[in-house]
Each structure stands twice: as structure tokens, then as C-alpha cells.
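As a plain string of letters, each chain reads:
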Amino acid sequence: MINLTINGKSVSVPEGVTILEAAKQNNIYIPNLCYLEGVHKFGSCRLCVVEVEGARTLQASCMVPAREGMVVRTNTEKTRKARKALYELILSDHPKDCLSCERNRSCELQEMGDILGVTEARYNGEKSKGRIDISPSITRDMSKCILCRRCITVCNQIQNVGVLNAQNRGFETVIGTAMDLPLNTVNCAYCGQCTIVCPVGALKETDAIQDVWNAINDKNKRVVVQVAPAIRVAIGEDLGYEPGNIVTGKLATALRELGFDDVFDTNFTADLTIIEEGTEFLTRVKNALTGGQATLPMITSCSPGWIKYVEHSFPEKLDHLSTCKSPHTMLGALAKSYYAEKIKIDPKDMYVVSVMPCTAKKYEVSRPEMQNNGVPNVDAVLTTRELAKMIKEAGIDFRNLDDAQFDNPLGLSSGAADIFGVTGGVMEAALRTVYELVTGRQLPFDKLHVTPIVGLQQIKEAEFTIENPLEAYKFLDGVTVKVAVTSGLSGAKVLLEQIAKGESPYHFIEVMGCPGGCISGGGQPRPTTPEIRQKRLEAIYREDEGKELRKSHENKYVTKLYEEFLKEPNGHKSHELLHTHYTKRGKFNEYIIK
Amino acid sequence: MSSEALSCQCCCDEESDQQKYQRIAEIIEKYKNREGSLIQVLHLSQSIYGYLPLELQIFIADHMDKPLSEVSGVITFYSFFSTQPRGKHTIRVCMGTACYVRGGKKLIDRLEGILGVSVGSTTEDKKFTFEIARCIGACGLAPAMMIDDVVFKQVNPDKLESILAKY
């Protein structure tokens, strides 16, 4: 511990912390903008300047380590004036169209002006010439960028993708791709983590709200909506709730009030995914153990950001991916076949909207692989943030809504489906079903939670040995199954490199593209801090434990779907509607240059 | 400067693109595991290839195992690096404070007329690339300009044509 004085108060802090962190630990707030706890420490905005006795100039407190005997003053006329001037300088190159900006009242720059007590904008000069770049998932409006570089940190250090970096120099500096290439021509995974950390309106999801209103307004369209597992534990944050609240029932009601004809639950096809993916896994293992051809480890394929990453970075390893489509495209495919047949409408007259915690899903639905008979499985994807905006726009008093249920036949789900929204969840859900299928016994873990793969660590692993399996699975007797789970693309890279070197010890790997899984997806409410992520995680497990139905194979509507329509897991119909293939892409390009 | 860059000066013109890429690959192999070596690699690559087009940036990023946006970021940060083909000779007119005050702007205007291109461009015959420099450290000789490594002092605009004729 080291001792220093901040604003006349003697404090002790661990060695290595910055002045800003030392102050925070002692309940002293130093205004700051570009700094992002645990993620980004760069010192680009300089708003956190403080006076340090003996130092010639003001010091950026987010960068300077606290030292023994230091005397720091955070609240002096000099620091207050400097912060205001620095703020006004940022403002001099920022459009002042706040009232019509989508970040109005959720903008960190705007909030900082309030905190600093800024009442004038004295500097007027040249404005940077920002370009608007619209990709299927992410829209970049660089005229609003304040060069904080948080997006660079998440894109490079956290996600290991590296499509964004500072280009040019001085006033010409712009955060962008190499040679200003459009985002849809480079190796962006569309994870959208940059849109979560952007403090202003420079990085955001590509808007689908008007397309969805148009579909709802169209009397000839049957408009179907579905919501992903991670929405119900997060959307409350944009509608006045504290993080960690589960609002499933009100969400179903709100969707009906918005005018959707059918309110389905992506959880239903999460359960279905477990049956399809579990069957695929057992088939691969059987082939491997009985001398046939099989690629192991098998890796989950629910996360389209992860899929795009692996297509760019490890195009020779695509055989490891499960061929299962992601759950929401499965639901779209079933809505436009199984359900359309039931209600006797032409699939072309149906419009499927997915509400997702994800920006990459916006791109995913535009892939040619995600169509059947020339009709896209899903027509539009809204992020959690976009749905919250629609609810506000419609004047719905969300807090006072009654609870309701999702519609059947695509609305019932098990707790196993709920945990698809969190890292480790897909694996746990699969193990609950596969273990029971193979042994006839319940997965031997407390409350069915595979504890070693629960939590927010980057790479987690578990193993268990199969004993006394049922007759049909005798080939598995005594086999120790090894699984790994990772979230965030840096962890995925580590596991893929093992595979590329032929050193992977695993049979089954779960990868989610965003750190923590879909609970902190690129389409979730801002901010997503470590505390908020933890609260959403706990909420998801609460939702799971609160259900009677905990295992995917016990979902009676899934059973009925097989009886009436699909016939058997991994069967002909499943392959046509629920499975897909992947595309090799260039390391830095959308497609490989021939 | 290391020997790779020097040795290239004499053989650039006869070398095929494939040979140039081969030599750049060898340089990268030598430097790739040294921290902070990207600038050196770019510097040598430009001296071999003449400039750093996107295809070459992709080649370097791939072989250095770095993001393409980082490579491009470094290239666009330093004015020494060029992403456009360059002329045989580079004219740099100093626009530092002293040269500016002593008539640097007049040199620019006159050169634009003589060369038929604006600042930042290369002449059609690929003979000259025309640029501005921010103080070349010859303030006492203002207005100054450089052609390649040679400094011309107290340049009289009327003498420009005869200077260029030597190249």
C-alpha cells in the first residue's frame, strides 16, 4: 500500500493504481470521459486533469500512477477551468445537433458538459470531414467521433479483430479501417462491441426500426416477432429498471401492443438447437470412436460474430463448426414453413423480426445461406436498444404492463434455453440433454449447473467420464468427454490455434463472440460494465432455475414439432431448414482475392 | 540505413514485382519478431517497391501477423510513406516559418506551373513527385527546397527551370 493526500485527505491505495483509481476508491470523483474501467486507459481526452504538487503542468489522472507522498488536488479553480476549456475544444469539432442525435440523453459527452457546468462553446473552427459508412450491422458516423479510441481498444485488444485503428495524423486523424475501406469489405466480425463503448453517436447499429414499422403497417403482412434469451434480462435497463431485472412477461405484452401478429420465443428453437446439435455431436463422436470420418472438436455455431471471425481467420477449420443455424434463423425457417402451413399463408406474406442482443445477426440474416426457396428465414433484426426505442416511441407504459406468455407452437421453452444467453450456457444445456440421452440418468451436477463452465473467465473447461451408458451408446462406455467454453474472440483465437496445431484436447467447444456471451452482446443497452454483466448473468440463471422445465428434450412442443413435421433430428427436413454451411473468407477481406 | 535498402537503388527498374515481394518477404522474416519493427519494415519495403499500395500493405500485414488497419495507420501517420506511385525524384519545398516568410509560397506556385501538377502529386512522366516539407532545418538558407537528398538554398523562382533541367 502507498499513502498519498487527495484534496487534503490522507488515503492508502494499492501500489500500481492511477490517481483516478485511487480517488475513486476513496469516493472522490474526478470527471473523465475517454477512460473506461478495466477496458481503456489512454489519456486522449485529458478531462481528468488534476494538480499534483511539484509537477510543472496539470496531470492526466487516468494515466499517472499514484506515488508515495503525492499531494493531489482535484477540485481547484485551475482544474475546473482547464476541464471546461478542454471540453469546449472537443466540442469545437463536434456537431451540435444533440436534439436529433440518437444518443440524445444517453451521450457521455453531453452528460460530461452537465457535470462540468459548461454553459458556452467559445471555439469555432474547421470541422473534420467525417464520412458515414453503413454496413449491414454497424453504421459509423465519423463526424461525431471524439477520438477517444475506446473502439480501437475493444476491436484490437479485447476482440483481436483489429479492423479499426487511427488513420492519418493531427487534425486529419480519423478512426477507421485501412485505407478508409468500407466496413463491409474488410474482416469486421460485426460483433458490435465498439458500439457498446462509443461514448457518442459515432458508432451504432444499422437502423432497422423503420423497416419493422413498415411491415407492421402493411396489412398484407403477417408479422412474426421473436426475442432472444438475453433480451429479457437486459431491456429493462433501457426502460427504467435497475440492471438484473427479468421482464419476460411484460416484454411479451409490449410486443403485442406494438402490433406484432405472433409473439414467439427464440428460446423455443434454442431447445431445438440442443436436439439437433446434440445429435450431430453424438454422431460425430460415434464416427470418431468407431473408425469413421469425423471432425472433432465440434464447435457451436449460434454466434454469427464468431462465425464471421472464424471464416476470416481460420478458413481451413470450418469443418469443426456445427452445421446448425443459429436459433433465431431456425425459428424464422420454421415460422415460414411449419407455422405458415398451419395457418395457411404464403411464406412470402410473412415477415419475421428477431429481437437480438447482437449486431452481427443483422448481417447474418442477409447471408445467402440463410434463405429457403428464395425467401429469407428472417427479414429484420432489431437490437435490444432498438426495441426499447420502439416501445418508447409507441408510448407504451412498460412498467405498468401485465405479464403475458409467448405464443405457441414456437413459444414454449426450458430453462436450458434461457442460459443460451450467457457464456457456458449452450454447453450446459447440451450436456443436460446429451448426458441423459446417453446414460438415461440426469446430469450429476447440483441444480444441473456444470459449475466449472459457469462464470465470466475467458476460457473454462470441464470433463466427465461416461459410465454404464444405455445399450445404443455402448461405444461411449468409459470415455472421458472434454469440453471447453470461451467468450470473446481473443479466447476463441487461443482455442482455434490449438486446433490448427492439432493439439486440442477437447471434443466439444462453445464459443460466443462477445465477452460474457450474449448478455453483453453488441446490441445490448449501454453501458455494459463488469457489474452490469454479472447482474444480467445472475438474472439468466434465476430465470432458468425458476422454471419447472429445465431440459430441452422435455419441451413438449419440440417433441410435437418432430412428430408433425421434422420427423427425426438431423433428418432430411432438418438439414433443409435448420442446417447450413460456411464460407471461406480472406484474412483482411470480405472475400478471398483470387 | 541497412544494406537491403541501399542495394535496391541500383536494381529497382529491372526487378519484377515478384522479385520485389520476395525481397520484402525476406526482410519481414528478419524483422517480424522484433518489437516495434513495423516502421523499419515499411521503410525498407517502400525503398524496394517505390511506394506502399494496398496490396503490398496486405502482404506486409499478413506476413507480420498484424492488423491491416494498424499497418495502414502507421503509413498514413508518417508523411514519408506514400500509398501512390512516386516519381523518380522527389521535390520538397520547405514551408517552415522562415521559408514561408521568405517566399516559399512563390516557389510552390511557380513549380505547379512548371510541373503541371499540384502539391502532393507526381508528374505524368513519373519524373518528379512534388511535396511540401515542414522545416528541413535550413532556416538560414530560406527559402529552401530539396530534390532527393540535395538542398537548394535561397532559391530564386526564376532559377527553378534551370535547376530542374539538371534532372
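Not measured: the values here are computed from a predicted model.

## Examining the overall build of chain B
The number of helices and strands found in chain B is eight helices and four strands. Beginning at the N terminus, the succession of helices and strands in chain B can be written as α-α-α-α-α-β-α-α-β-β-β-α. Across chain B, contacts joining residues at least 24 apart in sequence account for 59% of those joining residues at least 6 apart. Measuring between centres, the 19 positive side-chain charges of chain B sit 10 Å from its 21 negative side-chain charges.

## Regarding a nonpolar patch on the surface
Together, B:Ile39, B:Phe77, B:Tyr78 and B:Phe80 make up an exposed nonpolar region whose accessible area comes to about 330 Å². Mapping B:Ile39 onto the fold places it in helix α3 (residues 38-49).

## What to know about the packing of aromatic side chains
All names here are of chain B. For the structure on display, the rule yields 14 aromatic pairs over all chains. Taking the centre distance of 5.7 Å and the plane angle of 80 degrees together, the rings of Tyr-21 and Tyr-49 count as edge-to-face. Remark: Tyr-49 occurs in helix α3 and Tyr-21 occurs in helix α2 (residues 17-31); sequence separation between them is 28 residues. As far as the burial class goes, Tyr-21 and Tyr-49 line up, both buried.

## Things to note about the sheet that holds strand β11 (residues 222-227) of chain A
Residues and elements named next belong to chain A. The strand order across the open sheet built from four strands is β12-β11-β14-β17, with neighbouring strands paired in parallel fashion. One side of each edge strand has no neighbouring strand; the edge strands of this open sheet are β12 (262-265) and β17 (380-383). With direction set aside, neighbouring strand axes in the sheet form an average angle of 25 degrees. The sheet contact formed by β11 and strand β14 (residues 350-356) spans six bridges and is parallel.

## Points about the domain arrangement of chain A
Residue and element names in this part refer to chain A. Under the domain assignment, chain A is made up of domain 1 (2-116), domain 2 (132-205), domain 3 (212-268 + 329-400) and domain 4 (277-324 + 412-521 + 540-577). Distance between the C-alpha centres of domain 1 and domain 2: 24 Å. With both chains or domains summed, domain 1 and domain 2 bury close to 1500 Å², and 59% of this area falls on carbon and sulfur atoms. Together, Val-39, His-40 and Arg-103 form the three largest contributors to the area buried by domain 1 at its contact with domain 2, with a combined 28%. Across the domain 1-domain 2 interface, the total number found is one salt bridge. Residues Arg-150 and Glu-108 are paired through a salt bridge, measuring 2.9 Å at the closest nitrogen-oxygen approach.

## Considerations on the pattern of salt bridges
Residue and element names in this part refer to chain A. This structure, assessed with the given rule, holds 41 salt bridges over all chains. Between Lys-551 and Glu-436 there is a salt bridge whose closest N-O contact spans 3.2 Å. Residue Lys-551 is found in the loop between α16 (530-545) and α17 (556-566), and its partner Glu-436 is found in helix α14 (residues 425-439); the two are separated by 115 residues along the sequence. The same class applies to Lys-551 and to Glu-436, which are both buried.

## Points about the interface of chain A and chain B
Listed per partner, the contact involves 17 residues of chain A and 17 residues of chain B. Contact with chain B buries area across many residues of chain A, yet A:Arg169, A:Met179 and A:Phe588 alone supply 43% of it, more than any other trio. One can count two salt bridges joining chain A with chain B. The closest approach of N and O atoms between B:Asp62 and A:Lys587, which form a salt bridge, is 2.8 Å. Per element, the largest residue contribution to the side of chain A that touches chain B is three residues, and it comes from strand β8 (residues 165-167) of chain A. Taken together, the residues of the side of chain A that touches chain B break down into seven nonpolar, eight polar and two charged.

## With respect to the nonpolar core
Residues and elements named next belong to chain A. Counting residues in each nonpolar core, the largest one holds 122 residues, and the members touching the most others are Phe-260 and Trp-306. No other element matches helix α10 (residues 327-342), which puts eight residues into this core. Excluding residues that lie within four positions of it along the chain, Trp-306 makes contacts with Ile-299, Thr-300, Leu-321, Leu-489, Ala-492, Leu-496, Val-511 and Gly-513. Counting residues in each nonpolar core, the second largest holds 34 residues, with Phe-281, Val-426, Ile-453 and Leu-476 among its members.

## Quick word on the pairing of strand β1 (residues 89-94) of chain B
Residues and elements named next belong to chain B. For β1, the tally of buried residues reaches five of six residues, placing the bulk of the element in the interior. Where β1 and strand β2 (residues 128-133) come together, six bridges link them in parallel fashion. Bridge pairing links Val-93 to Ile-132 in β2. When β1 meets strand β3 (residues 145-147), the two strands line up antiparallel, connected through three bridges. Bridge pairing in β3 places Ile-91 opposite Ile-147.

## Some points on the environment of A:Asp544
Residue and element names in this part refer to chain A. Note on placement: Asp-544 falls in helix α16. When the C-alpha atoms of Asp-544 and Thr-529 are compared, they prove to be 23 Å apart, with 15 residues separating the residues in sequence. Dropping the residues within four chain positions of it, Asp-544 is found in contact with Gly-415, Ala-416, Asp-418, Ile-419, Arg-432, His-449 and Arg-550. Of note is the side chain of Asp-544, whose polar atom sits 2.7 Å from the side chain of Arg-550.

## Focus: the sheet that holds strand β19 (residues 480-487) of chain A
All names here are of chain A. Ordered in space as β13-β20-β19-β18, the four strands form an open sheet in which the pairing is mixed. Every other strand in the sheet has two partners, leaving β13 (298-299) and β18 (459-465) as the edge strands with one partner each. Sheet contacts for helix α15 (residues 489-500): β13, β18, β19 and β20 (508-512); angle to β19, the most-contacted strand, approximately 145 degrees.

## Let's talk about the packing of helix α7 (residues 248-258) of chain A against helix α12 (residues 384-393) of chain A
All names here are of chain A. The interhelical angle for the contact between α7 and α12, taken along N-to-C directions, is 60 degrees, at an axis separation of 10 Å. In terms of axis orientation, α7 runs oblique to α12. Helix-helix and strand crossings are classified by hand; for α7 and α12 the assignment is left-handed. Contacts from Leu-251, Ala-254, Leu-255 and Leu-258 in α7 reach Leu-387, Met-390 and Ile-391 in α12. Looking at the contact of α7 with α12 residue by residue, the classes come out as seven nonpolar, no polar and no charged.

## Considering unusual backbone geometry
Peptide bonds are trans in most cases, and residues, glycine excluded, mostly fall at negative phi. All names here are of chain A. Of note, the amide linkage connecting Asn-408 to Pro-409 takes the cis form, showing an omega dihedral of 15 degrees. If you trace the backbone, Pro-409 turns up in the loop between α12 and α13 (415-418). A cis amide bond, omega -10 degrees, links Arg-526 with the succeeding residue Pro-527. At Met-179, a position not held by glycine, the phi torsion is positive, near 50 degrees. Residue placement: Met-179 occurs in the loop between β9 (174-176) and α5 (193-197). Overall, Met-179 belongs to the partly exposed group, its relative accessible area being 31%.

## Quick word on α12(A)
Residues and elements named next belong to chain A. In terms of burial, α12 is a largely internal element, seven of the ten residues being buried. Within the sequence span of α12, burial applies to Thr-384, Arg-385, Glu-386, Leu-387, Ala-388, Met-390 and Ile-391. At the C-terminal side of α12, Gly-395 shows a positive phi close to 70 degrees.

Procedures and definitions
Residues numbered from 1 in each chain as written. Chains lettered and ligands numbered in written order. Predicted model: local features only at pLDDT ≥ 70, side-chain atom pairs only at ≥ 80, totals over all residues. Heavy atoms only, no water. Helix = DSSP H or I, 4+ residues; strand = E, 2+ residues; numbered from the N terminus. Contact = heavy atoms within 4.5 Å. Lys, Arg positive; Asp, Glu negative; His and termini not counted. Charge placed at Lys NZ, Arg CZ, Asp CG, Glu CD. Patch = residues over 30% accessible without salt bridge, like charges linked within 9 Å, V, L, I, M, F, W, Y side chains within 5 Å. Areas by Shrake-Rupley, 256 points an atom, 1.4 Å probe, with all protein chains shown as cover. Salt bridge = Lys/Arg side-chain N within 4 Å of Asp/Glu carboxyl O. Phe/Tyr/Trp six-rings, centres within 6.5 Å; stacked < 30°, edge-to-face > 60°. Buried < 20%, exposed > 50% of the residue type's maximum accessible area, 1.4 Å probe, protein only. Pairing = 2+ DSSP bridges. Axes fitted to C-alpha atoms, helices over the stretch in contact; angles between N-to-C directions. Domains from an automatic or database assignment. Buried area = accessible area lost by both parts, 1.4 Å probe. Nonpolar A, V, L, I, M, F, W, Y, C, P; charged D, E, K, R; others polar. Core = buried A, V, L, I, M, F, W, Y, C linked by side-chain atoms within 4.5 Å. Polar contact = N/O pair within 3.5 Å; in protein donor to acceptor, adjacent residues only side chain to side chain. Parallel < 35°, antiparallel > 145°, perpendicular 65-115°, else oblique. Left-handed = near helix turned anticlockwise from the far one by under 90°.

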